[in-house]
Amino acid sequence: MASALPKTMKAWVVVKNGPATSANLALQSTRPPPTAPTGSNILVKVTHAALNPADIHFINVLPTWLPFRRVATPGLDFAGSVVALGPAVPAETNLKVGTTVCGALAVAQVFFGAGSLAEYVVVPASLVAVKPERFTNAQAAGLMGIAGQTASLMVQHAALKAGQRVLINGASGGVGSVLVQIVKGLGVKVYAVCSGANEEMVRRLGADEVIDYKAHDPVETFLAEKFKDEPFDIIFDCAGGDGLYTQSPSYLKPGCKFITIVGGPSQGVIPFIKHKLRPVFLGGTPRPFHLLGLSPAGNFARQAAKYVEEGLIKEAPIDSEYSLEEVVQAYERVASKRAKGKVIIKVAEE
Ligand SMILES: NC(=O)c1ccc[n+]([C@@H]2O[C@H](COP(=O)([O-])OP(=O)(O)OC[C@H]3O[C@@H](n4cnc5c(N)ncnc54)[C@H](OP(=O)(O)O)[C@@H]3O)[C@@H](O)[C@H]2O)c1
């Protein structure tokens, strides 16, 4: 152990299931910090956490009556410095006391109540990326957390080729704003769907063309008209909405993938059953439907960091930053579904 840990730490806890409001969440200042890491775990002093829509879902549904969730801390994404290493942390990780790391906790860890909205977390060394120098801890918590990892998963699944033309729906959100940059960096032409208010940011991130879904409502009708003779090679959906998929034969090439991250087990199984399992002769849409679910993992965090190092990810869009005391307001911002990039919590100075 490099330095003595305090006897208590601050951490948010879920006191009751429901929306992420002050009725259901409380900041406690007397939580016991984790004990010294064992095996190949590391102890991280968290400086920043980034929030995700999934946190809100977990606060709502993971039962607080379970014995190990009576004082469960929410939060997946984190950045901070290593303060202690377990005896079996492999030397090839190059992790040392003082290394700044970032990533997202495994869902199981959050399920068992040890989330990232705390001053300290214990994390398997395999789950983290070393923070790229170019970005601050606040930016890294968002980029190498769920958003950057999900964007990396989507790109991996798509097997993109330079010169292709791709539509990205929800391009201004946490995931979309990273995805636009990676896809553009791979030499692909990016058509981004977002509201007009976010056009400037999305163009700066790399979109070649921006489609304002508010000015063209319903957007699928507009896409069918505009792109019927020039259909896309892939559609990435980071916002949801049935119509974009069911109408896709009008603007997505035959045999080409519709890849969505909205509608997984955490958001209802209906789209999956309707779109994945219903055959075309029973009214199914004749385009391959791929619903992806991220299991946070070190290889995705490190892939996002690699995209940073290779210059594909140039920017870390941050919507807003809040103090640890302001987590409820920060979750309100996430729940609004209007965030431009990530909502960040500053837990401590870098
Ligand atoms: N399956 C998985 O593993 C996985 C992983 C991560 C996230 N997700 C899910 O993916 C979705 C996006 O996540 P996120 O973190 O990027 O969310 P987010 O940051 O909260 O997304 C907010 C953004 O969505 C845009 N938006 C809202 N409605 C839209 C619409 N109808 N059309 C186009 N854009 C719209 C908003 O832009 P405007 O203000 O301009 O409308 C805003 O910029 C969420 O549903 C999340 O739960 C799934």
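Please refer to the structure placed before this passage.
Just so it is clear, the structure is predicted and the values come from calculations on it, not from any experiment.

**Comments concerning the side chain of Asn24**
Line of reasoning, step 1. With respect to the helices and strands, the residue Asn24 is situated in the loop between strand E1 (9–14) and strand E2 (25–31).
Line of reasoning, step 2. Judged by relative accessible area, which is 3%, Asn24 ranks as buried.
Line of reasoning, step 3. Engagement of the side chain of Asn24 in a polar contact is seen with the side chain of Lys16, the distance being 3.4 Å.
Line of reasoning, step 4. When neighbours within four sequence positions are excluded, Asn24 is seen to be in contact with Val13, Val14, Val15, Lys16, Asn17, Gly18 and Pro19.

**Concerning the sheet that holds strand E9 (residues 189–194)**
Line of reasoning, step 1. The strand order across the open sheet built from six strands is E10-E9-E8-E11-E12-E13, with neighbouring strands paired in parallel fashion. A single partner strand is all that each edge strand has here, and the edge strands are strand E10 (209–212) and strand E13 (289–291). Taking the axes of each pair of neighbouring strands and ignoring which way they run, one obtains an average angle of 20° across the sheet.
Line of reasoning, step 2. Alignment of strand E12 (residues 258–260) against E13, held across three bridges, turns out to be parallel. In the sheet register, Phe258 faces E13, and the bridge partner there is Phe289.
Line of reasoning, step 3. Contacting strand E8 (165–169), E9 and strand E11 (234–237), helix H5 (residues 174–185) runs over the sheet at an angle of about 175° to E8.
Line of reasoning, step 4. Strands E8, E9 and E10 of the sheet are contacted by helix H7 (residues 219–226), whose axis makes an angle of about 140° with E10.

**Remarks on the site of the ligand**
Line of reasoning, step 1. Around the ligand, a shell composed of 23 residues is seen, among which Ser195, Tyr213, Leu294, Arg338 and Ala339 lie nearest.
Line of reasoning, step 2. One of the side-chain nitrogen or oxygen atoms of Ser172 is found 2.8 Å away from an oxygen atom of the ligand.
Line of reasoning, step 3. Interatomic distance of 2.8 Å between a backbone N/O atom of Leu292 and a nitrogen atom of the ligand.
Line of reasoning, step 4. Contact with the protein chains removes 84% of the 920 Å² of surface that the ligand exposes when unbound.

What counts and what doesn't
Residues numbered from 1 in each chain as written. Predicted model: local features only at pLDDT ≥ 70, side-chain atom pairs only at ≥ 80, totals over all residues. Heavy atoms only, no water. Helix = DSSP H or I, 4+ residues; strand = E, 2+ residues; numbered from the N terminus. Buried < 20%, exposed > 50% of the residue type's maximum accessible area, 1.4 Å probe, protein only. Polar contact = N/O pair within 3.5 Å; in protein donor to acceptor, adjacent residues only side chain to side chain. Contact = heavy atoms within 4.5 Å. Pairing = 2+ DSSP bridges. Axes fitted to C-alpha atoms, helices over the stretch in contact; angles between N-to-C directions. Near = heavy atom within 4 Å. Areas by Shrake-Rupley, 256 points an atom, 1.4 Å probe, with all protein chains shown as cover.

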